[in-house]
Amino acid sequence: MPLASMPTEPSRPVPPPDLGAPPPCAPRRSARGPRPRRLDGLAGLVVVLALSGCKAKAASVELSKDEAGGGEPEVVALPADGPKLVALRAGTPVLARPQAGARTIGELYPGAAVVRSSEPYGRAGCSGGWYAIRPRGFVCVGEGATLHTDAVAVLPAPPDLSRPLPYRYGRARTQGTPAYSGVPSREELRHAEPDLERHLERAQRSDAQLGASANDVPLDERGVATGPPVLLPQQHGVGADGRRTESSYFVFPLADAVAPLPPLAALGIELGAKDGAPVDLRAAMKTAALRKGSGVAITRTFTAGEADGRRLGVTPDGRLVPTDRLQAALGSPWHGLDVEKVGLPVAFVHRHDVTTWSIGRGKATPNDEELERRTGVPLTGKFRTVDGTRFEEARDGFWLRAQDLVVIVRRSKFPDFARGSQRWLDVSLANQTLTAYEGQKPIYATLISSGRDQLRDPESSASTARGTFRVRSKHVTRNIDPREVADSFDVADAPWVMDFAPGHAITGMYWGAGVGEAQGFHDIALTPVDARRIFLWTEPELPDGWHAVHSSGEEGTLVHVRP
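Residues numbered from 1 in each chain as written. Predicted model: local features only at pLDDT ≥ 70, side-chain atom pairs only at ≥ 80, totals over all residues. Heavy atoms only, no water.

> Help me understand the overall build of the protein, please; the structure alone is not making it clear to me.
Within the protein one finds seven helices and 34 strands. Counting every position in the protein, which comprises 563 residues, the buried fraction comes to 52%. Looking at the protein as shown, the accessible area adds up to about 25,600 Å², and 50% of this sits on carbon and sulfur atoms. (Helix = DSSP H or I, 4+ residues; strand = E, 2+ residues; numbered from the N terminus. Buried < 20%, exposed > 50% of the residue type's maximum accessible area, 1.4 Å probe, protein only. Areas by Shrake-Rupley, 256 points an atom, 1.4 Å probe, with all protein chains shown as cover.)

> I would appreciate a short explanation of helix α7 (residues 528-537) in the present structure.
Because each turn of an α-helix spans 3.6 residues, side chains separated by three or four positions end up pointing in the same direction. Taking burial as the measure, the 10 residues of α7 include nine buried ones, the bulk of the element. Buried within α7 we find P528, V529, D530, A531, R532, R533, I534, F535 and W537.

> Would you mind showing me how to read unusual backbone geometry here?
What is expected of a backbone is that most residues other than glycine have negative phi and most peptide bonds are trans. Looking along the chain, the bond that leaves R134 and enters P135 is cis, with omega of 0°. Topologically, P135 is positioned in the loop between β5 (130-132) and β6 (138-140). With an omega of 5°, the peptide bond running from E539 to P540 counts as cis. For P540, the position within the fold is in the loop between α7 and β33 (548-550). The phi angle at H236 is positive, at roughly 45°, despite the residue not being glycine. Its identity is not glycine, yet D493 carries a phi of approximately 55°, on the positive side. Take D493: its relative accessible area is 2%, and that puts it in the buried class.

> Just to check I follow, could you spell out the state of the cysteines for this structure?
Every disulfide links exactly two cysteines, by a covalent bond between their sulfur atoms. On inspection of all chains with the given rule, the structure shows one disulfide. Covalent S-S linkage joins C126 and C140, the inter-sulfur distance amounting to 2.0 Å. Looking along the S-S bond of the C126-C140 disulfide, the torsion reads about 100°, which is the right-handed sense. With C126 in the loop between β4 (113-115) and β5 and C140 in strand β6, this pair connects stretches of sequence that are 14 residues apart. With relative accessibility at 3%, the residue C126 sits in the buried group. (Disulfide = S-S within 2.5 Å.)

> How do you make sense of the pairing of strand β14 (residues 300-304) when you look at a structure like this?
If a strand is regular, its side chains alternate between the two faces of the sheet. Among the five residues that make up β14, four are buried, leaving the element largely enclosed by the rest of the structure. Looking at chain direction, β14 and strand β15 (residues 310-314) are connected through five bridges and run antiparallel. For A304, the partnering residue across the bridge sits in β15 and is R310. (Pairing = 2+ DSSP bridges.)

> Please clarify how the side chain of D216 should be interpreted in this entry.
With respect to the helices and strands, the residue D216 is situated in the loop between β10 (209-210) and β11 (244-245). Given a relative accessible area of 3%, D216 falls into the buried group. Here the side chain of D216 touches Q235 through a polar contact of 2.7 Å, side chain to side chain. Ignoring any residue separated from it by four or fewer positions in sequence, one finds D216 in contact with G211, P228, P229, V230, L231, Q235 and R244. (Polar contact = N/O pair within 3.5 Å; in protein donor to acceptor, adjacent residues only side chain to side chain. Contact = heavy atoms within 4.5 Å.)

> Just checking my understanding: could you explain the nonpolar core for this structure?
Most often, soluble globular proteins keep nonpolar side chains buried together rather than apart. Counting residues in hydrophobic clusters, the biggest one holds 43 residues, and the most contacted among them are L85 and W546. For L85, the residues in contact, after removing those within four places along its chain, are L108, A112, A113, V114, R116, Y131, I133, V139, V141, A145, T146 and L147. Counting 37 residues, the second-largest nonpolar core is a separate cluster that includes A329, V485, A494 and A505. (Core = buried A, V, L, I, M, F, W, Y, C linked by side-chain atoms within 4.5 Å.)

> Is there a simple way to explain the pattern of salt bridges in this structure?
Any two side chains of opposite charge can pair if their charged atoms end up close together. Under the defined criterion, the tally for this structure stands at 26 salt bridges. The closest approach of N and O atoms between R325 and E193, which form a salt bridge, is 2.8 Å. Here R325, found in the loop between β16 (320-322) and β17 (326-329), pairs with E193, found in the loop between α3 (186-192) and α4 (196-205); they are 132 residues apart in sequence, far enough to count as distant. In this pair, the class of R325 matches that of E193, namely buried. The partner of E392 in a salt bridge is R390, and the shortest N-O contact between them spans 2.8 Å. Judged by its relative accessible area of 8%, E392 falls in the buried class. The exposure class of R390 is partly exposed, given its relative accessible area of 37%. When salt bridges that share partners are traced, they join E193, D195, R310, D324 and R325 into one network. (Salt bridge = Lys/Arg side-chain N within 4 Å of Asp/Glu carboxyl O.)

> Before we go on, may I ask you to explain the pairing of strand β22 (residues 389-394) in this structure?
Note: strand β21 (residues 376-386) against β22, five bridges, orientation antiparallel. Bridge pairing in β22 places V386 opposite T389. Taking the residues between adjacent antiparallel strands as the criterion, β21 and β22 are bridged by two residues, where D387 takes a positive phi near 50°. In the sheet, β22 pairs with strand β23 (residues 399-401) via three bridges, with the strands oriented antiparallel. Across the sheet, E393 pairs through a bridge with W399, a residue of β23.

> What is the right way to look at the sheet that holds strand β25 (residues 423-428) in this model?
The pairing of strands in a sheet happens through backbone hydrogen bonds and is either parallel or antiparallel. With mixed pairing, five strands are arranged side by side in an open sheet as β27-β26-β25-β34-β28. This sheet does not close on itself; its edge strands, each paired only once, are β27 (441-447) and β28 (467-470). If you compare each strand with its neighbour and ignore which way they point, the axes differ by 20° on average. (Axes fitted to C-alpha atoms, helices over the stretch in contact; angles between N-to-C directions.)

Following this line, the structure appears as structure tokens:
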């Protein structure tokens, strides 16, 4: 089948790192020269940026004639404990060859530290040099990356890929919630938050207790849930008493250890800024205002005396958001079924408080047991019709009315490409389901939320494109189009994004739990547990330390979207 084409906090803070030491490409100072001045904060980071692109006369690895002509350069395998470079900007490209304009095969995010070659593979079009990184590709040291690894301490913390939500997330409580470019002065606070006194009084009175999050779900090595969510002490804002509250949720184990020293945005280290892109300093230094309900990722937090001791959350792009202005976005702990283990058919309850039934002597009798909406139920494949109502038999022995269920049947026919170990995703827009297969073997089944117009033309409506595609790229997090949430708020750093067609992606959803209903624009949204499971399973595989990977040719997992 041809593929479719688509137009707890520590007792004392740790001092910031000494950024005054010269990075590998800087000349050594004379022993009799002046002692280098200790740099910290923004000044140190400026030095990092300046020196990262220095034009030192260090040796370069020479390319052979074939390599210079267009073939892939031969790179000696890099040891896992080798020297590293640090990404400074979102979207720092990883290129297939050490030259500008080469094919992009991946991306790095600020704070990512990846193993690099000891010497650059040339400097053409990159004054700091093109360094090979592990496991493949080349990165230009300059505005987008530095050899000065101490820079990590003043950059936002990297995402945690071991959890369904790679960051802690919050949503703006009020219209105009500020996202400061640096630690605000009292004057800046008064200007951006004229209602501050009243707001803080309300915030102190409304420290609500929170429930389970997606990150409380225990997982196996495949990313499959192994039990119900469990709140453990010290886990994502859970105190020793086992309680999680709105305020404790944004307290990190290493909070206040090192305050990041923005304005990172003024240095071009901002979400969406690409390496080499011009930066509007005036705009970058300006306090941003978030729409009510907008989602943001928080990498870590700290308290600032300048801000009257308020706790500020650091976003991946270096902005600072007062956490008392955020409502915790826990992400739904709901997830699909491991059909690699239980097999098909399976069903998901799509109504509230559905009753189970017993059938005997041609009569259906309701039981006392009720199932919650979206409960997953393995079926036997047997059905009976009683008084005109069809019932499906569960493997646990009870019966359910077919009208209360969404059923994923055991296939008898498969697409031509479903052969051998070919990995593919079967997406049904009518049923709002996704099933992962290896050849003809079912692996995982779950509910989705696709474009709200379902089966209309995606060119002119909020519908998901139908056809057979390949995963084109995978991103640990990325902003999504506001149209996916009816433009009612903005969503930053949605997790586990897998592009499969222009303007179409499979993505994790931390701002809601509406799977099983078509509510989006073009994207296919999953709960965080499911999105991570599918992200880890699909190809291409994301290398360690990378934030995104791009597929080439026939590499990406197939995505089969049907009515």
